[in-house]
Amino acid sequence: MADTVDLNEIGEVHDSQLVVEKHVKQLADLMASAKHCIVFTGAGLSTAANIPDFRGPNGVWTRKAQKRKAPACPDLAKTKPTFTHTALVQLVNEGVVKYVASQNVDGLHLRSGIPREKLAELHGNCFVETCWKCNAEFLRDFKVSKVQEKSCKECRERVPHFCHCTGRRCPTEGCSARLKDSVIHFCEDLPQADLKKANKEAKVADLCVVIGSSCRIYPAADVPETVGRKRKNGKLVIINLQKTPLDDLAEFCIHADTQTVFQRLMEELEKKKKDKQEEEKREEEEPTFNLRGGRKAKRQRT
């Protein structure tokens, strides 16, 4: 909300190309060697899809704090995942990234192809309806939220500040409870299953990469902070155009556009993958000395 924005801290920082290049190579090294890398994403990830962020110089809450009209937002149902979204899918599929925890409600992670079991949508998804009775989830191709004039009794008891009813019923056999949108508003609890899973992943992670988050909203920000506070056993890298409260815990911060960073990062990771493949091929072909016969033989794949 607007009262969470400090107008003295909305300025952006832009690292030089040399600094970005240096840190991207360092990040590629960390990701290639990490045993359990997780990613934490925020609104800055989706600005390349023309979705406004919240606390940037032209963010939703920033402009509200300045008593200005909110920036225009595209039709999210027609918005396409960015290069960084699709790059994350590749990294998850390759096992480089083990888990993604996101604060974004735009649904682009799911639509880009991140498996649900590898994703925590900590603030919900505007395209997902949930059933509070049987815990079923339903992904739609339209925004499911519906403005309610009055809050129903069920919502008043559980989330007294907002009615989440969508006007549809759960189709699960034997259920038929009222479906709710999954978007989390201020003063509401985060989805416990997603939060529990994200915190569990943070506890075992040896690397957390923050992408486009100010790391100011808790308890979601506990995820990167948990990894950052491990020091020796965990490393935190933050990619964000603004400074964050967790910068001092980070190995380094990359102040640059996420698209630019990930285009170079994927190039570096691909190069490392090819170098490793070539090294393994050379090792397989490298002759070894046979002590019994005194003859050399090619190293065989086991």
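What counts and how
- Residues numbered from 1 in each chain as written.
- Predicted model: local features only at pLDDT ≥ 70, side-chain atom pairs only at ≥ 80, totals over all residues.
- Heavy atoms only, no water.
- Helix = DSSP H or I, 4+ residues; strand = E, 2+ residues; numbered from the N terminus.
- Polar contact = N/O pair within 3.5 Å; in protein donor to acceptor, adjacent residues only side chain to side chain.
- Buried < 20%, exposed > 50% of the residue type's maximum accessible area, 1.4 Å probe, protein only.
- Expected span 1.5 Å × (residues − 1).
- Arc of directions from axis to C-beta.
- Contact = heavy atoms within 4.5 Å.
- Salt bridge = Lys/Arg side-chain N within 4 Å of Asp/Glu carboxyl O.
- 1 Å grid on protein atoms, 1.4 Å probe; cavity = no way out; pocket = protein on both sides within 12 Å on 5 of 7 lines; lining within 4 Å.
- Points joined across faces, edges and corners; volume = space filled by probe spheres on them.
- Nonpolar A, V, L, I, M, F, W, Y, C, P; charged D, E, K, R; others polar.
- Axes fitted to C-alpha atoms, helices over the stretch in contact; angles between N-to-C directions.
- Parallel < 35°, antiparallel > 145°, perpendicular 65-115°, else oblique.
- Left-handed = near helix turned anticlockwise from the far one by under 90°.

Which residues make up the side chain of threonine 166, and what are the values?
Its location among the elements puts threonine 166 in strand E6 (residues 165–169). Separated by 2.5 Å, the side chains of threonine 166 and glutamate 129 make a polar contact.

I'd like a description of unusual backbone geometry, backed by residues and values.
Residue proline 219 follows tyrosine 218 across a cis peptide bond; omega there is 10°. Summarising the element assignment, proline 219 is placed in the loop between strand E8 (207–211) and helix H7 (222–228). Phi is positive for asparagine 135, which is not a glycine, with a value near 70°. Residue position: asparagine 135 is located in the loop between strand E4 (128–131) and strand E5 (137–139). On the basis of relative accessibility, which here comes to 65%, the residue asparagine 135 falls in the exposed class. Positive phi is not limited to glycine here, since cysteine 215 has a value of about 55°. Mapped onto the fold, cysteine 215 is located in the loop between E8 and H7.

Describe helix H6 (residues 192–204), listing the residues and the values that go with them.
An α-helix turns once every 3.6 residues. As a result, residues three or four positions apart point the same way. Under the 1.5 Å per step criterion, the end-to-end length of H6 is 19 Å for 13 residues, consistent within 8% with the ideal 18 Å. Among the residues making up H6, those that are buried are Asp194, Leu195, Ala198, Glu201 and Ala202. Around the axis of H6, the buried residues are gathered within 130° of arc, so they sit on the same side. Those residues of H6 that are exposed and angled more than 90 degrees off the buried face are Gln192, Ala193, Lys196, Lys200, Lys203 and Val204. On its buried face, H6 sits against strand E1 (37–41), strand E2 (97–102), strand E3 (119–121) and H7.

Which residues make up the pattern of salt bridges, and what values do they have?
On inspection of all chains with the given rule, the structure shows 13 salt bridges. Taking the shortest distance from any N to any O, the salt bridge between aspartate 29 and lysine 272 comes out at 2.4 Å. Placement of the pair is aspartate 29 in helix H1 (residues 17–33) and lysine 272 in helix H8 (residues 258–285), with a sequence separation of 243 residues. Since its relative accessible area comes to 40%, aspartate 29 is described here as partly exposed. Taking the shortest distance from any N to any O, the salt bridge between arginine 116 and aspartate 194 comes out at 3.1 Å. With arginine 116 in the loop between helix H4 (108–112) and E3 and aspartate 194 in helix H6, this residue pair connects regions lying 78 residues apart in the sequence.

Could you give an account of H8, with specific residues and numbers?
Between its first and last C-alpha, H8 extends 40 Å over 28 residues, near the 40 Å set by a 1.5 Å rise per residue. Restricting attention to buried positions, one finds in H8 the residues Thr258, Gln259, Val261, Phe262, Leu265, Met266, Glu268 and Leu269. Among the structural elements, H1, helix H3 (83–93), E8, strand E9 (235–239) and strand E10 (252–254) are those in contact with the buried residues of H8. Two or three places before glutamine 259, at the start of H8, stands the capping residue aspartate 257, its side-chain oxygen 3.1 Å from that residue's backbone nitrogen.

Run through empty space enclosed by the protein, naming residues and quoting values.
Taken as a whole and assessed by the stated rule, the structure comprises one cavity of 30 Å³ or more. As a volume, the largest cavity reaches approximately 30 Å³. Around the largest cavity sit Ser102, Asn104, Asp106, Gly107, Leu108, His109, Leu119 and Glu121, which together line it. Class assignment of the residues belonging to the lining of the largest cavity gives a composition of two nonpolar, four polar and two charged.

Could you give an account of the packing of H3 against H8, with specific residues and numbers?
Describing two packed helices takes the angle between their axes plus the distance from one axis to the other. Remark: H3 packs on H8, axes separated minimally by 9 Å, with the N-to-C direction vectors making an angle of 30°. The angle between H3 and H8 falls in the class roughly parallel. Seen along the crossing, H3 lies across H8 with a hand that is left-handed. For the pair H3 and H8, contact is made by Phe83, Thr84, Ala87, Leu88, Gln90 and Leu91 and by Thr258, Gln259, Phe262, Gln263, Met266, Leu269 and Glu270, respectively. Here the contact of H3 with H8 is composed, by residue class, of seven nonpolar, five polar and one charged.

I'd like a description of the layout of surface pockets, backed by residues and values.
The calculated volume of the second largest pocket comes to roughly 680 Å³. Looking at the second largest pocket, it is lined by 29 residues, and the ones nearest its centre are Thr130, Arg158, Leu190, Pro191 and Gln192. Of all the elements in the fold, those that place two or more residues in the lining of the second largest pocket are E3, E4 and H6. When residues of the lining of the second largest pocket are assigned to their parent elements, the largest contribution, four residues, is made by H6. Looking at the lining of the second largest pocket residue by residue, the classes come out as 12 nonpolar, seven polar and 10 charged.

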